[in-house]
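Coordinate inspection notes
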Amino acid sequence: KGEIVGFLGPNGAGKSTTMRILTGLLKPVAGSILFQGKPIHQMKAHEIVRLGLLQSPEGRGVFPQLTVMENLEMGAYTRTDGAAEIEKDLNNVFTLFPRVKERIHQMAGTLSGGEQQMVAISRALMGRPKLLLLDEPSLGLAPQIVDVIFKIIKKINEEGVTILLVEQNAFQALKVSHRGYVIETGDI
């Protein structure tokens with residue numbers, strides 16, 4: 001709790017599969033997964049989201065035919081804490097990512113890769129994560145944008161969000177992580 005944990009490894013090592021299992025999109029073949037002491041390995045994905053385990057997927061995964069604002073609203077879809085709290089988090093996202101605020105009426109599919117990554121992370125933050133899973137946030141981005149994204153990841157963590165950071169860019173990931181794990185063909 002409270003850490004950034006780097007989860008590193010080459011393509012095909014099992015990083016994204018692990019993320020899909022944690023979020024309930026895949027079921028484990030064996031074993032169990034506990035989140036805050038509660039077994040989640042047999043739960044459905046939407047139930048896991050309601051517990052506060054949220055993911056910003058590899059490849060950004062924005063809803064391209066929706067506006068940026070509609071993407072952010074989708075992130076808050078399961079929340080029940082009221083419009084004032086959602087508005088507060090929306091303003092926080094706009095502080096972290098001013099570019100997202102500038103683009104709120106634009107279709108998400110027309111944004112640059114870096115902007116889409118910002119929207120994807122912002123959408124996950126709108127769900128108020130207790131654990132934020134970031135799957136390859138630097139993938140396909142220009143080095144200058146990568147630096148910006150990693151500074152923001154560190155800031156998100158400093159605001160109290162625990163982060164599991166899946167990344168091939170080991171240098172950047174370990175620079176912001178409190179500790180790390182390396183996976184190779186399914187073995188840690």
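Use the structure listed above.
Rules and cut-offs
Residues numbered from 1 in each chain as written. Predicted model: local features only at pLDDT ≥ 70, side-chain atom pairs only at ≥ 80, totals over all residues. Heavy atoms only, no water. Salt bridge = Lys/Arg side-chain N within 4 Å of Asp/Glu carboxyl O. Helix = DSSP H or I, 4+ residues; strand = E, 2+ residues; numbered from the N terminus. Buried < 20%, exposed > 50% of the residue type's maximum accessible area, 1.4 Å probe, protein only. Core = buried A, V, L, I, M, F, W, Y, C linked by side-chain atoms within 4.5 Å. Contact = heavy atoms within 4.5 Å.

For the coordinates displayed, the defined rule picks out eleven salt bridges. For arginine 128, the salt bridge identified is with glutamate 85, shortest N-O distance 2.5 Å. One end of the pair, arginine 128, is in the loop between α6 (113–125) and β5 (131–135); the other, glutamate 85, is in helix α4 (residues 83–96), and 43 residues separate them in sequence. Of the charged contacts, one joins arginine 99 and glutamate 115 as a salt bridge, the two residues approaching to 2.7 Å between their closest N and O atoms. Residue arginine 99 is found in helix α5 (residues 98–102), and its partner glutamate 115 is found in helix α6; the two are separated by 16 residues along the sequence. Note on glutamate 115: relative accessible area 10%, which makes it buried. Salt bridges sharing common partners tie together Arg79, Asp81, Glu85, Lys88, Asp89 and Arg128.

One broad rule of soluble globular proteins: the nonpolar side chains tend to lie buried together. Of all hydrophobic cores here, the largest spans 36 residues; its most connected members are Phe97, Val100, Leu132, Ile153, Ile156, Ile163 and Leu165. Listing elements by their share of this core, those giving two or more residues are β1 (4–8), α3 (68–75), α4, α6, β5, α7 (143–158), β6 (162–167) and α8 (170–176). Apart from residues no more than four positions distant in its own chain, isoleucine 153 is found in contact with Ile4, Leu134, Pro137, Ile163 and Leu165. Formed by 16 residues, the second largest nonpolar core is a distinct cluster that contains Met19, Leu53, Leu164 and Val166.

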